[in-house]
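# Close look at the chain arrangement
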Amino acid sequence: MKLYIDTANVAHIKEIAALGILSGVTTNPTLIAKEGRDFKTVIAEITELVDGPISGEVIALDAEGMVREGRDIAAIHPNLVVKIPMTPAGLQAVHVLSQENIKTNVTLVFSASQALFAAKAGATYVSPFIGRLDDAGQDGVQLVADIRMILDQYDLPTEIISASIRHPQHIAQSALAGAHIATIPYAVFQKAFKHPLTDQGIEAFLTDWKNVFGA
Ligand code: E4P
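A quick note: this is a predicted structure, and the numbers were derived from the prediction, not measured.

A word on helix α6 (residues 112-121). Since the α-helix packs 3.6 residues into each turn, any two residues three or four apart lie on the same face. Along α6, the residues that are buried comprise A112, A115, A118, A119 and A121. Looking at the buried side of α6, the elements it contacts are α5 (88-99), β5 (104-109), β6 (125-128) and α8 (140-153). Backbone geometry just downstream of α6 places G122 in the positive-phi region, at approximately 110°.

Pasting the structure below:
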């Protein structure tokens, strides 16, 4: 399973990219707005930091507008993926853009049927929002497993981006459920690096070393 970071914060992207574990980046209008910076400038900076798929989302809600914005986003850099909400207009836009070989990521997916529709329309990626589903009392990880089974059963090339990840367990659970990619917020990366036994182990090794060999 590949790891993406779910943020538009360039400092955070730079930090995680330096670890050699990052394959891509996803953004959304909320994440871009949080940085308070120009969309194209931020996206262009991200392309300098990560050589992999970078999702930028359209704002338009009508198919024509989404296609227009999608072409603009795709023109920023060859690694750009156009993120499109899961609506009938969104599917129409995905269909048009996919025929132009523009990569798309269908976002706000909350059911296996929605994922199947997106895959049939030609989406490169589908993004089930597992945390938001859990919040609503449903099983987000199970949705990832269901989508994977459908994609495999019908030989559909669309890849699953497990999104709306809330805690470290979601990462391993997404991998076990067959997500091709997990897009992880910076704060969840920080938590997932850590384990109290790792910290205790480091401290004990250092103490034992110093007791015999000094500082
Ligand atoms: C996915 O691409 C979205 O940007 C993101 O994962 C949404 O997560 P949230 O539910 O934490 O906003």
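Take the site of the ligand next. Around the ligand, a shell composed of D6, T26, N28, K83, F129, R132, A163, S164 and R166 is seen. Interatomic distance of 2.7 Å between a side-chain N/O atom of N28 and an oxygen atom of the ligand. For the ligand, an oxygen atom lies 2.7 Å from a polar atom in the backbone of S164. Across the complex, the protein chains shield 85% of the 350 Å² of accessible surface that the ligand would expose by itself. Looking at the shell around the ligand residue by residue, the classes come out as 2 nonpolar, 3 polar and 4 charged.

In this section: the packing of aromatic side chains. Remark: the centre distance and the inter-plane angle together describe each pair of aromatic rings, the angle taken between the planes. One pass over the full model with this rule turns up 3 aromatic pairs. The interplanar angle of 65° and the centroid separation of 5.7 Å between the aromatic rings of F110 and F129 together place this pair among those described as edge-to-face. Placement of the pair is F110 in the loop between β5 and α6 and F129 in the loop between β6 and α7 (130-135), with a sequence separation of 19 residues. Look at F129 and you get buried, because its relative accessible area is 7%.

Conventions adopted
- Residues numbered from 1 in each chain as written.
- Predicted model: local features only at pLDDT ≥ 70, side-chain atom pairs only at ≥ 80, totals over all residues.
- Heavy atoms only, no water.
- Buried < 20%, exposed > 50% of the residue type's maximum accessible area, 1.4 Å probe, protein only.
- Helix = DSSP H or I, 4+ residues; strand = E, 2+ residues; numbered from the N terminus.
- Contact = heavy atoms within 4.5 Å.
- Near = heavy atom within 4 Å.
- Polar contact = N/O pair within 3.5 Å; in protein donor to acceptor, adjacent residues only side chain to side chain.
- Areas by Shrake-Rupley, 256 points an atom, 1.4 Å probe, with all protein chains shown as cover.
- Nonpolar A, V, L, I, M, F, W, Y, C, P; charged D, E, K, R; others polar.
- Phe/Tyr/Trp six-rings, centres within 6.5 Å; stacked < 30°, edge-to-face > 60°.

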